[in-house]
Amino acid sequence: MFEPELLKTFLAVERAGGFTAAGRLLGLRQSTVSGHIARLEQAAGRELFRRDTRNLALTADGAAMIGFARSILDAQAQADAYFSGSTLTGLIRLGASDDVMARELPDILLEFRRTHPGVDLELTVGLSENLKTRMAAGELDLVFGKRLPGERHGDLLWRDRLVWAGRSGTTDFEDPVPFVTYPAPSITRQMALRALKHAGRTWRVACVSDSLLGLRAAVLAGLGVIAHAESVLPDGLVTIDDPRLPELGELDFVLMHRRSTLSEAEQALAAAIASGARRLRRGAGTDGV
C-alpha cells in the first residue's frame with residue numbers, strides 16, 4: 001500500500017525540483033517532506049531519488065513511480081467523487097491571468113474537476129484588465145487576476161511585491177532601460193512605465209508578448225528586464241535589486257465574480273482557488289488575507 005499523502009509529496013518534489021521547494025508548495029517543513037520520501041522509498045523497497053549536496057534527480061524506479069503515483073491518486077479521486085455524491089452541475093466560465101496559470105492553478109482546477117465531475121469548466125487566459133472587461137460584458141463568471149493598488153473590486157487573495165526581474169547576471173540598467181512587457185492594458189506594464197517616468201528614466205520596449213512563455217524566453221535571451229509579481233516569478237528569472245531601477249510598489253491578486261450571489265458550483269470553485277492560494281505563491285510578498 002502506497003499512502004496517498006506520500007505520493008502527493010513525491011509528485012510535488014519531482015515537480016518543484018527539490019525538498020524545500022516542494023515544502024513551500026505543500027505548506028510542509030523540509031524535514032516532513034524528507035520523511036515522506038523516506039517512508040515511500042521504504043514502502044517501495046527502492047531508491048526513488050538520487051541525491052547529492054547540489055542536485056536531486058529521479059532514479060529509474062523514481063521515473064516509473066511517477067506514472068504509478070498519478071494513476072493511484074487519480075483512481076482515489078474518482079472513487080472519492082463517486083462515493084461523496086457531489087451533485088454540483090453546470091458550466092463555469094473562468095478567466096485567469098497568464099502568470100497564475102504558470103504556477104499551481106492547473107493542479108487546483110484538476111482537483112476541482114475530480115471532486116465535482118458534473119461541473120464543466122471553460123477557461124480563458126489573458127490580461128487581467130481584458131478579462132475584467134469580458135466579465136462585465138457577461139462573457140465570464142469568475143476571474144482570477146490582478147488589480148492596481150487602491151482598487152476595490154474583487155476579493156483579495158494576497159498582496160504581492162512588483163519587482164524587476166531578469167536573467168542571472170543582468171547589469172544593463174542604463175538609459176534607455178530595455179523593457180520586456182505584456183501589451184496594454186497590462187497592469188504590470190502600466191505600473192512599470194509610471195515608475196520609470198516618475199524616476200526620470202527613459203526606456204525602450206525590447207519585446208511585447210501577450211504570453212508569459214514569450215516574455216520569459218525574451219528575458220532569458222538577454223533582451224531586457226521585466227516587471228513581474230515576485231511570488232509567481234517564472235522559473236529561471238531572478239529578482240533584480242538595483243538602485244538604478246525605480247521601486248515598483250505592490251499589486252493585489254484577487255478573485256472577481258460577475259454576480260453578487262454565486263451559484264453553488266461557483267462558490268465551490270471560488271473556495272478551491274482561495275484555499276489553494278498559498279500553493280500559487282513561492283512564499284515571497286506580503287500576506288493579504
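Here, the structure is the one placed above.
Computed from a predicted model, the values in this text were never measured in an experiment.

### Points about the overall build of the protein
From N to C terminus, the protein includes 10 helices and 11 strands. Relative to the compact-globule value of 19 Å for 289 residues, the protein shows a C-alpha radius of gyration of 21 Å, a close match. Dimensions of the protein, computed from the C-alpha atoms along their principal axes, are close to 65 × 50 × 30 Å. Every one of the 289 residues in the protein was classed for burial, and the buried ones make up 44%. Sequence-distant contacts in the protein: of pairs separated by 6 or more residues, those separated by 24 or more amount to 78%. With 35 positive and 36 negative side-chain charges, the protein shows a separation of 2 Å between the mean positions of the two kinds.

### A closer look at a nonpolar patch on the surface
Together, Trp 203, Val 205 and Val 208 make up a nonpolar patch on the protein surface, roughly 240 Å² of accessible area in all. By the secondary structure assignment, Val 205 is in strand 8 (residues 203–208). Of the residues examined, Val 205 reaches a relative accessible area of 41% and is grouped as partly exposed.

### As for unusual backbone geometry
Between Asp 175 and the following residue, Pro 176, the backbone shows a cis peptide bond with an omega angle of -10°. Position of Pro 176 relative to the elements: it lies in the loop between strand 6 (155–166) and strand 7 (177–181). The amide bond that connects Ala 184 to the next residue, Pro 185, takes the cis arrangement and shows omega of 10°. Take Pro 185: it is sitting in the loop between strand 7 and helix 8 (187–198).

### As for the nonpolar core
Among the nonpolar cores identified, the biggest contains 44 residues, and Leu 105, Phe 144, Trp 164, Leu 269 and Ile 273 are the most heavily contacted of them. It is helix 8 that provides the largest number of residues to this core, a total of six residues. Setting aside its immediate chain neighbours within four residues, Trp 164 contacts Phe 179, Ala 192, Leu 196, Val 225, Ile 226, Ala 227, Val 238, Thr 239, Ile 240, Leu 245, Pro 246 and Leu 248. Judged by nonpolar contacts, the second largest core, of 17 residues, contains Phe 10, Ala 12, Val 33 and Ile 66.

### Points about empty space enclosed by the protein
Per the stated rule, a full pass over the model turns up one cavity of 30 Å³ or more. Here the largest cavity is characterised by a volume of approximately 120 Å³. Leu 127, Lys 146, Tyr 182, Ser 186 and Thr 188 are, among the 15 residues lining the largest cavity, the residues nearest its centre. Sorting the residues of the lining of the largest cavity by element identifies helix 5 (98–101), helix 7 (128–136), helix 8 and strand 9 (225–229) as the ones contributing at least two each. Residue composition of the lining of the largest cavity, by class: five nonpolar, six polar and four charged.

### Quick notes on helix 1 (residues 4–16)
Residues spaced three or four apart along an α-helix face the same direction, because each turn holds 3.6 residues. Helix length check: helix 1, at 13 residues, gives a terminal C-alpha distance of 18 Å against a target of 18 Å (1.5 Å per residue), a fit within 8%. Buried residues of helix 1: Leu 6, Leu 7, Thr 9, Phe 10, Leu 11, Ala 12 and Val 13, and no others. Positive backbone phi, approximately 85°, marks Gly 17, located one or two places after helix 1.

### Considering the pairing of strand 8
Where strand 7 lies against strand 8, five bridges are found, and the strand directions are parallel. If you follow Phe 179 over to strand 8, its bridge partner there is Val 205. Once the chain exits strand 7 it traverses helix 8 before rejoining the sheet at strand 8, and the crossover so formed is right-handed.

### Some points on the environment of Asp 242
With respect to the element layout, Asp 242 can be found in the loop between strand 10 (238–239) and strand 11 (250–257). The exposure class of Asp 242 is buried, given its relative accessible area of 18%. Sequence spacing of Asp 242 and Trp 164 is 78 residues, and the spatial spacing of their C-alpha atoms is 8.9 Å. A distance of 2.8 Å separates the side chain of Asp 242 from the backbone nitrogen of Arg 244, its partner in a polar contact.

### Re the packing of helix 6 (residues 105–115) against helix 10 (residues 264–275)
Where helix 6 contacts helix 10, the axes come no closer than 10 Å and their chain directions differ by 140°. In this view, helix 6 runs oblique relative to helix 10, as classed from their interaxial angle. Where helix 6 crosses over helix 10, the two elements pack in a sense that is right-handed. Residue-level inspection shows Leu 105, Ile 108, Leu 109 and Phe 112 of helix 6 in contact with helix 10, the latter providing Ala 265, Ala 268, Leu 269, Ala 272 and Ile 273. In terms of residue class, the contact of helix 6 with helix 10 is built from nine nonpolar, no polar and no charged.

### Regarding the pattern of salt bridges
Within the structure shown, the criterion is met by 18 salt bridges. One salt bridge in this structure joins Arg 51 and Glu 41, with 3.3 Å as the shortest N-O distance. Placement of Arg 51 in strand 1 (residues 49–51) and of Glu 41 in helix 3 (residues 30–44) is noted, with a sequence separation of 10 residues between them. With a closest N to O distance of 1.9 Å, Arg 114 and Asp 74 form a salt bridge. A residue pair is termed long-range when its members are at least 10 positions apart, and Arg 114 in helix 6 and Asp 74 in helix 4 (residues 60–84) qualify at 40 residues. Each of Arg 93, Asp 141 and Arg 258 takes part in salt bridges that share partners, so that together they form one network.

What counts and how
- Residues numbered from 1 in each chain as written.
- Predicted model: local features only at pLDDT ≥ 70, side-chain atom pairs only at ≥ 80, totals over all residues.
- Heavy atoms only, no water.
- Helix = DSSP H or I, 4+ residues; strand = E, 2+ residues; numbered from the N terminus.
- Rg over C-alpha atoms; globule rule 2.2 N^0.38 Å.
- Buried < 20%, exposed > 50% of the residue type's maximum accessible area, 1.4 Å probe, protein only.
- Contact = heavy atoms within 4.5 Å.
- Lys, Arg positive; Asp, Glu negative; His and termini not counted.
- Charge placed at Lys NZ, Arg CZ, Asp CG, Glu CD.
- Patch = residues over 30% accessible without salt bridge, like charges linked within 9 Å, V, L, I, M, F, W, Y side chains within 5 Å.
- Areas by Shrake-Rupley, 256 points an atom, 1.4 Å probe, with all protein chains shown as cover.
- Salt bridge = Lys/Arg side-chain N within 4 Å of Asp/Glu carboxyl O.
- Core = buried A, V, L, I, M, F, W, Y, C linked by side-chain atoms within 4.5 Å.
- 1 Å grid on protein atoms, 1.4 Å probe; cavity = no way out; pocket = protein on both sides within 12 Å on 5 of 7 lines; lining within 4 Å.
- Points joined across faces, edges and corners; volume = space filled by probe spheres on them.
- Nonpolar A, V, L, I, M, F, W, Y, C, P; charged D, E, K, R; others polar.
- Expected span 1.5 Å × (residues − 1).
- Pairing = 2+ DSSP bridges.
- Right-handed = clockwise from strand over helix to strand, strands pointing away.
- Polar contact = N/O pair within 3.5 Å; in protein donor to acceptor, adjacent residues only side chain to side chain.
- Axes fitted to C-alpha atoms, helices over the stretch in contact; angles between N-to-C directions.
- Parallel < 35°, antiparallel > 145°, perpendicular 65-115°, else oblique.
- Left-handed = near helix turned anticlockwise from the far one by under 90°.

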